[in-house]
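Fold and contact review
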Amino acid sequence: MQDRHHVVVVGGGFGGLQLVNNLRGVPVRITLIDKRNHHLFQPLLYQVATTLLATSEIAWPIRSLYRDRPEVTTLLGEVVGVDPANKEVTLTSGRPVPYDTLVLATGATHAYFGHDEWAPVAPGLKTLEDATTIRRRVLLAFERAEVEEDPEIRNALLTFTVIGAGPTGVELAGIIAEMAHRTLPGEFRRIDTRKARVVLVEAGPRILPAFTEELSAYAGRELEKLGVEVRTGVPVTDCTDEGVMIGDSFVPSRTLVWAAGVQASPAARWLGIEADRAGRAVVEKDLTAPGLPDVFVIGDTASVVWEAGKPVPGIAPAAKQQGAFVARVIRARLEGKPAPEPFRYRHQGSLATIGKRAAIIDFGRVKLKGALAWWIWGIAHIYFLIGTRSRFVVAWSWLWIYLSGQHSARLITQKETLREEG
């Protein structure tokens, strides 16, 4: 097998895994490198952060996914550079990994727009560690408010600010509000959790700007019904341990969550090619890096033109389509067949939830909102989960929460938590 064409895939997200899955049966050997040992279903990550789901329900060990694929080797490691001349990638250990074809699917991380000093007080949401950090801070805020004597500090502890009103920000704000106003009342003796404030901040003129104005307005109304304070048109100018500056107004808030932007991995810098404003590598129509036909860049790492000059959105379906496309290109090359037509993204719709009983869906000509949209959203996400067990467990968790109003993962597990947050 060592003499087979060697495909190195960096990143075990949606794009990387789709590529590996679609190369089944192709005479190649594959090395899949990721700095974590699991694949994460990111669209439901906010539900771990807000106590609806446990970590094990949305993440799976990568090795277990390919235990029956002997041509696939999984490496736990972090790539820190690419040497296109020698056709190898370098890991943090210094170990070089040679390739015949390289696919970079390294994703993105949080972008603080030049204010990286905000990261410790306003964590973003990209990894399981981020989700458990946010969950810990949210739950601890209520616990600390229960024993706090100073009313001003207590109010700050019971104020939760979500910065950025894209789908992630809207979903986070909605669930935090529902937890405070509907799930936790009756569990505390000295505080009334229904008095908690959830503030959603968006620098742009409206929330969910990728959706139509009608759906955006509906989402805003539903959030307000849940008790979320929606502030649009004013940017955040500072984040501290004490609170957040929204324009010229300071809001005392001890729990901040960042959902305002992302920055691509340094793949473009590794390759020495052009990047867009978000750091995404600008690629050719066949998703190869300019001047490097044996290097592909996909997913959140790549800047691919879609319609009207807009980039393909950084969502799971887009990454999966790109992974499947690159697999077809590799297969055609090895079989000596003509290359497929240039990559063309097919938008399958935009979805976002508002709390546990409402959602909005934009399929283009068809637009839905309310409870029906929520059920369709849920069915779609369960369908895309990996494995029958995960689908059953998540479906059962959602049904239990829907009927009982109780969250299933309200646990603070880190033993250093009180010292860390106190």
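Because the structure is a prediction, the values reported are computed rather than measured.

**Side note on the pattern of salt bridges**
Taken as a whole and assessed by the stated rule, the structure comprises 16 salt bridges. Taking the shortest distance from any N to any O, the salt bridge between Lys369 and Glu214 comes out at 3.4 Å. Linking Lys369 in strand E25 (residues 367–370) with Glu214 in helix H7 (residues 213–225), this pair joins segments that are 155 residues apart in sequence. Accessibility expressed as a relative area gives 37% for Lys369, which makes it partly exposed. Between Glu335 and Lys337 there is a salt bridge, with its nearest N and O atoms 3.3 Å apart. Looking at Lys337, the relative accessible area reads 52%, which means it is exposed. Ionic contacts of the salt-bridge type, sharing partners, join the residues Lys87, Asp294 and Arg333 into one network.

**Examining the nonpolar core**
If you look at the biggest cluster of nonpolar residues, it comprises 67 residues, and the most contacted ones within it are Leu44, Ile58, Phe142, Leu200 and Ile360. Those residues in contact with Phe142 that sit more than four places away from it in its chain are Leu158, Phe160, Met179, Ala180, Leu184, Phe188, Ile191, Thr193 and Ala196.

**Here we look at the pairing of strand E6 (residues 79–83)**
Sheet topology note: the E6/strand E7 (residues 88–91) ladder contains 4 bridges and is antiparallel. Bridging across to E7, Val79 finds its partner in Leu91. From the end of E6 to the start of E7, which pair antiparallel, there are 4 residues, and Lys87 there has a positive phi angle of about 55°.

**Description of the confidence of the model for the protein**
Overall, the predicted model of the protein reaches an average pLDDT of 92, with 95% of residues at or above 70. A low-confidence stretch, residues 416–422 (pLDDT under 50), is modelled with 10 contacts involving residues beyond four sequence positions or located in other chains.

**Some details on unusual backbone geometry**
Unlike most non-glycine residues, Lys87 shows phi in positive territory, near 55°. Mapped onto the elements of the fold, Lys87 is located in the loop between E6 and E7. For Lys87, a relative accessible area of 26% puts it in the partly exposed group. Positive phi, normally seen in glycine, also occurs at Leu208, with a value near 45°.

**Section: the sheet that holds strand E23 (residues 350–354)**
Taken in spatial order, the 3 strands line up as E23-E24-E25 in an open sheet, and their pairing is antiparallel. At either end of the open sheet lies a strand with only one pairing partner, and these are E23 and E25. For this sheet the average axis-to-axis angle between neighbouring strands, irrespective of direction, equals 10°. Two strands pair when backbone bridges link them, and E23 and strand E24 (residues 358–362) are joined in this way by 5 bridges, in the antiparallel orientation. The partner of Ala352 across the bridge, within E24, is Ile360. Strands E23, E24 and E25 of the sheet are contacted by H7, whose axis makes an angle of about 170° with E24.

Procedures and definitions
- Residues numbered from 1 in each chain as written.
- Predicted model: local features only at pLDDT ≥ 70, side-chain atom pairs only at ≥ 80, totals over all residues.
- Heavy atoms only, no water.
- Salt bridge = Lys/Arg side-chain N within 4 Å of Asp/Glu carboxyl O.
- Helix = DSSP H or I, 4+ residues; strand = E, 2+ residues; numbered from the N terminus.
- Buried < 20%, exposed > 50% of the residue type's maximum accessible area, 1.4 Å probe, protein only.
- Core = buried A, V, L, I, M, F, W, Y, C linked by side-chain atoms within 4.5 Å.
- Contact = heavy atoms within 4.5 Å.
- Pairing = 2+ DSSP bridges.
- pLDDT = per-residue confidence, 0-100.
- Axes fitted to C-alpha atoms, helices over the stretch in contact; angles between N-to-C directions.

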